[in-house]
Amino acid sequence: QLFAQKSILDSLKAVHNRLDGDAKAYNAVKLAKRSLDRKEALSYSKQALDLATTDTTELLAMNQLAWEYKNLKHFDSALTVLQKAESMAQGIDFPQGLADVYQTWGSVYSNQSLYDSALLFQQKALDIQEKTGDLEGMASLYNNMSIIHQSKGEYQKARDILTRSQRIWARLSRHKELGDSSLYLFTLYFYLRPLSSCVIFISHSLTIYHFHPLPNFHLFPLPTLCIIYSPAF
């Protein structure tokens, strides 16, 4: 997986200097998303903001810049950028961009363990995605909200929300995401019990990874399944 990530990153870097204007700005956003170095990612997101010539690309760059500030734990800087991005997204009537801004905003609060505020902004993003019918966006937000509820110790709420995400991934035939959500459900049932449910969901993820072109991912659930069946557990 890391090899694939680096391969895509190298391809983006190879074409970067041959681009200019908004195309280069958009490529810089993609470089920031793929970069394995957080300071490099921050640099690319700043470059994207400087180069952007359209409102939508500028907004994408602002959101990415806020995300990189969040990753570096520069939370005040992230929130300052997000406030500007929110105003811009509302001004140009760009619902998807506004949803992305709210999702990042929620992540900033989540990283500070401000879980109620994080859920508030994730819900704002979800409201937009529901209106626009963006199923993939809705599923991603359900995942985020489930993780936040889990962090609060609200395992049943986390499970119920994650189940909604699973239904969407199944409908979209997104096998990796479906396998991942089964792994998350295993984690929740570890706390909720019974352990038989843990086995069901981790076995489900293993089956998905095995029978679809995801051979590397089956290595994740296997050790955990062994732990469950060990006498010490």
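What you are looking at is a predicted structure, and each value in this text was computed from that prediction instead of being measured. (Residues numbered from 1 in each chain as written. Predicted model: local features only at pLDDT ≥ 70, side-chain atom pairs only at ≥ 80, totals over all residues. Heavy atoms only, no water.)

**Q** Which residues make up the overall build of the chain, and what values go with them?
**A** Along the backbone of the chain there are twelve helices and zero strands. Order of helices (α) and strands (β) in the chain, N terminus to C terminus: α-α-α-α-α-α-α-α-α-α-α-α. The proportion of buried residues among the 233 residues of the chain is 44%. In the chain, 50% of the contacts between residues at least 6 apart in sequence involve partners at least 24 apart. Surface summary for the chain: the accessible area is close to 12400 Å², and the carbon and sulfur share equals 54%. (Helix = DSSP H or I, 4+ residues; strand = E, 2+ residues; numbered from the N terminus. Buried < 20%, exposed > 50% of the residue type's maximum accessible area, 1.4 Å probe, protein only. Contact = heavy atoms within 4.5 Å. Areas by Shrake-Rupley, 256 points an atom, 1.4 Å probe, with all protein chains shown as cover.)

**Q** Give a detailed account of the environment of Thr104, specifying residues and quantitative values.
**A** Examined against the element boundaries, Thr104 turns out to sit in helix H6 (residues 95-111). Overall, Thr104 belongs to the buried group, its relative accessible area being 3%. With 22 residues separating them along the chain, Thr104 and Leu82 place their C-alpha atoms 8.1 Å apart.

**Q** Quick rundown of the packing of aromatic side chains? Include the residues and the values.
**A** One pass over the structure, following the stated rule, counts four aromatic pairs. The interplanar angle of 40° and the centroid separation of 5.7 Å between the aromatic rings of Tyr109 and Phe121 together place this pair among those described as tilted. In this pair, Tyr109 is assigned in helix H6 and Phe121 in helix H7 (residues 115-132), connecting sequence segments twelve residues apart. Comparing Tyr109 with Phe121, the two get one shared label, buried. Linked through ring pairs, Tyr102, Trp105, Tyr109 and Phe121 together constitute an aromatic cluster. (Phe/Tyr/Trp six-rings, centres within 6.5 Å; stacked < 30°, edge-to-face > 60°.)

**Q** If you had to explain the packing of helix H2 (residues 21-34) against helix H4 (residues 55-71) to someone new, which residues and values would you point to?
**A** Orientation of H2 relative to H4, taken along the N-to-C sense of each, is 25°, at an axis distance of 10 Å. Here H2 is positioned roughly parallel relative to H4, judged by the angle of their axes. The handedness of the crossing between H2 and H4 comes out as left-handed. In contact with Asp22, Ala25, Tyr26, Val29, Ala32 and Lys33 of H2, H4 contributes Thr57, Leu60, Ala61, Gln64 and Glu68. When its residues are assigned to classes, the contact of H2 with H4 shows six nonpolar, two polar and three charged. (Axes fitted to C-alpha atoms, helices over the stretch in contact; angles between N-to-C directions. Parallel < 35°, antiparallel > 145°, perpendicular 65-115°, else oblique. Left-handed = near helix turned anticlockwise from the far one by under 90°. Nonpolar A, V, L, I, M, F, W, Y, C, P; charged D, E, K, R; others polar.)

**Q** Before we move on, could you go through H6 and cite the residues and values that matter?
**A** Its 17 residues place the ends of H6 24 Å apart at the C-alpha level, agreeing with the 24 Å of an ideal helix rising 1.5 Å per residue. In terms of residue burial, H6 counts as a mostly covered element, since twelve of its 17 residues are buried. Among the residues making up H6, those that are buried are Gly97, Leu98, Ala99, Val101, Tyr102, Thr104, Trp105, Gly106, Ser107, Val108, Tyr109 and Ser110. One or two residues past the end of H6 sits Ser113, with phi positive at roughly 65°. (Expected span 1.5 Å × (residues − 1).)

**Q** Account for the environment of Asn17, with residues named and values stated.
**A** The residue Asn17 is located in the loop between helix H1 (2-16) and H2 in this model. Given the relative accessible area of 66%, Asn17 is considered exposed. Along the backbone, Asn17 and Asn27 are ten residues apart, and their C-alpha atoms lie at a distance of 10.0 Å.

**Q** How would you summarise the pattern of salt bridges if you had to cite specific residues and measurements?
**A** According to the stated counting rule, one finds seven salt bridges in the structure shown. For Lys13, the salt bridge identified is with Glu40, shortest N-O distance 3.2 Å. Of this pair, Lys13 sits in helix H1 while Glu40 sits in helix H3 (residues 38-51); the two residues are 27 residues apart in sequence, bridging distant segments of the chain. Residue classification places Glu40 among the partly exposed residues on the basis of a relative accessible area of 25%. Its salt-bridge partner being Glu177, residue Arg174 comes within 2.8 Å of it at the nearest N-O pair. Of the residues examined, Arg174 reaches a relative accessible area of 25% and is grouped as partly exposed. (Salt bridge = Lys/Arg side-chain N within 4 Å of Asp/Glu carboxyl O.)

Read these as spatial facts, not as claims about activity.
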